[in-house]
Amino acid sequence: MLVHIKTTHVGSLPRPVELLPYIRGEKPTPENYQELLDHATQQVIARQKEVGIDILNDGELGRRDYVTAARKRMSGFDAEKAATSASDLEEMTEYSDKFEGRKGLLTLTSKTEVKNAACSGPIAYTAAGVADVQEEIQRVVAASHSAGIPLDQVFFSSPSPGTLAVFFDDDFFNDHTKYVTALGEAMRTEYEAIYAAGLMLQVDCPDLAMGRHSKFKNMTIDEFQSIAEVHIQVMNTALANIPAERIRMHVCWGNYPGPHHHDVPLADIVHLVLTAKPQFLSIEACNPGHGHEWEVFKTVKLPVGKVLMPGVLDTTTSHIEHPRLVAQRLMNYIRLVGKDSVIASTDCGFSTAAGAMNIPTEIVYAKLQAMVKGARVAEEMIREEGI
């Protein structure tokens, strides 16, 4: 029987250099900016198709990062508070001090103050927000149609309510559950718009992993698990009108540079993550901190219908994976959960913020090509082993 291991990635890809000043808000956009975005979208989709990626996206082309666009589509964020920091970087200051002056969504070093927007009042998804997300959706849809790619093979990412709460602090509700619930009620609008357009929705959920050693670093593991459970319940409610088979989720420990020795083990959260509605689950699975965690599924049974998308490419190193290593990583999961329950993916995005790249564009696509070749090797291994 013919076996095909599908390939995908987590979302962000390097943006065109010439568009970075506009995407980052450093220069006013030119009159033909939409045309430039349309053309760039067609190019990035065509390049993924040429490499052989089965389930692709626009590389989050027009976004500064993966959470700010969604936050700007909602009212109630007129305050400002210090960005959360990560406990691994707080401990290893000889390393983190090298990031003095660098600003992003996290505070990377105590030597540089980073501030993010914070909730200042009632939250609502605005009419302007609806128009903005529809414009982004239609750009992706048009480029996909132009390339002849079915929309059910195109994903569109959006942050989970809990992820928004991790990065954008609350200065209004003074109750975490109420705050996350309000975010979920608002974000339902974005989730349903993505689904209504025919695209595959991906909900980004670093709150369920990275949240442990950042915003919730001072909690016990039991307390964090309770928070994660609330986040999942709120997300599931926000996704109530979308079929599970039309949703992916990405669980992430953070793509920022760091030792990551405080990452919560997958074994401590997997029982919660598997209660989330999305059928497809993306997890970091090959970097030095999580490459061993395929062993979790020796004892954890994957619910019927769930599909794992383990990362088989490390998005923080320029070293291009050998296809056979990709295949070995895939087989670790396939032998445990079955060939129909695994899709090859990346650990995280390649450029979670526009211009913030660990890897240059040409190597990004070489790594994606290696993943596609590795999936073909895995298919041969499946036939040889009679799986």
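Provided above is the structure to which this section pertains.
Residues numbered from 1 in each chain as written. Predicted model: local features only at pLDDT ≥ 70, side-chain atom pairs only at ≥ 80, totals over all residues. Heavy atoms only, no water.

Considering the pattern of salt bridges
Side-chain pairing between opposite charges can occur once the charged atoms of the two side chains come close.
(1) Moving on: Under the definition given, this model contains 14 salt bridges.
(2) Moving on: For Glu136, the salt bridge identified is with Arg63, shortest N-O distance 2.7 Å. Residue Glu136 is located in helix 6 (residues 127-147), and its partner Arg63 is located in the loop between helix 2 (33-51) and helix 3 (68-72); the two are separated by 73 residues in the primary sequence.
(3) Moving on: The exposure class assigned to Glu136 is buried, which follows from its relative accessible area of 7%.
(4) Moving on: Lys217 is paired through a salt bridge with Glu90; the nearest N and O atoms lie 3.7 Å apart. Placement of the pair is Lys217 in the loop between helix 9 (210-213) and helix 10 (221-238) and Glu90 in helix 4 (residues 87-91), with a sequence separation of 127 residues.
(5) Moving on: Judged by relative accessible area, which is 43%, Glu90 ranks as partly exposed.
(6) Moving on: Linked through salt bridges whose partners overlap, the residues forming this network are Arg63, Arg73, Asp132, Glu136 and Glu190. (Salt bridge = Lys/Arg side-chain N within 4 Å of Asp/Glu carboxyl O. Helix = DSSP H or I, 4+ residues; strand = E, 2+ residues; numbered from the N terminus. Buried < 20%, exposed > 50% of the residue type's maximum accessible area, 1.4 Å probe, protein only.)

Focus on the side chain of Thr8
(1) Moving on: Mapped onto the elements of the fold, Thr8 is located in the segment before helix 1 (20-23).
(2) Moving on: Thr8 gets classed as buried once you look at its relative accessible area, which sits at 0%.
(3) Moving on: In this structure the side chain of Thr8 is engaged in a polar contact, spanning 2.9 Å, whose partner is the side chain of Arg248.
(4) Moving on: Leaving out residues up to four positions away in the same chain, Thr8 has contacts with Ile53, Ile55, Phe155, Arg248, Met309, Ile343, Ala344, Ser345, Thr346 and Met371. (Polar contact = N/O pair within 3.5 Å; in protein donor to acceptor, adjacent residues only side chain to side chain. Contact = heavy atoms within 4.5 Å.)

Concerning helix 2
(1) Moving on: Its 19 residues place the ends of helix 2 27 Å apart at the C-alpha level, agreeing with the 27 Å of an ideal helix rising 1.5 Å per residue.
(2) Moving on: Those residues of helix 2 not exposed but buried are Tyr33, Leu37, Ala40, Thr41, Val44, Ile45, Gln48 and Val51. Take helix 2 and look down its axis: the buried residues cluster within an arc of 130°, on one side only. In helix 2, the exposed positions angled more than 90 degrees off the buried face are occupied by Glu35 and Glu50. (Expected span 1.5 Å × (residues − 1). Arc of directions from axis to C-beta.)

Structural notes on the packing of aromatic side chains
(1) Moving on: Per the stated rule, a full pass over the model turns up seven aromatic pairs.
(2) Moving on: Centroid distance Phe77 to Phe168: 6.4 Å. Interplanar angle 70°. Geometry classified as edge-to-face. Highlighted residues: Phe77 in the loop between strand 1 (74-75) and strand 2 (79-82) and Phe168 in the loop between helix 7 (161-167) and helix 8 (176-196), separated in sequence by 91 residues. This pair shows no difference in class: Phe77 is buried, exactly as Phe168 is.
(3) Moving on: Three or more aromatic residues link up through ring pairs in this structure, and these residues are Phe172, Phe173 and Tyr179.
(4) Moving on: Lying over the aromatic face of Phe168, Arg71 brings its terminal NZ or CZ to 5.3 Å of the ring centre. (Phe/Tyr/Trp six-rings, centres within 6.5 Å; stacked < 30°, edge-to-face > 60°. Lys NZ or Arg CZ within 6 Å of the ring centre and 35° of its normal.)

What about the environment of His145?
(1) Moving on: Here His145 lies in helix 6.
(2) Moving on: Taking the C-alpha atoms as reference points, His145 and Asn241, 96 residues apart in sequence, are found 25 Å from one another.

On their own, these measurements won't tell you what the molecule is for.
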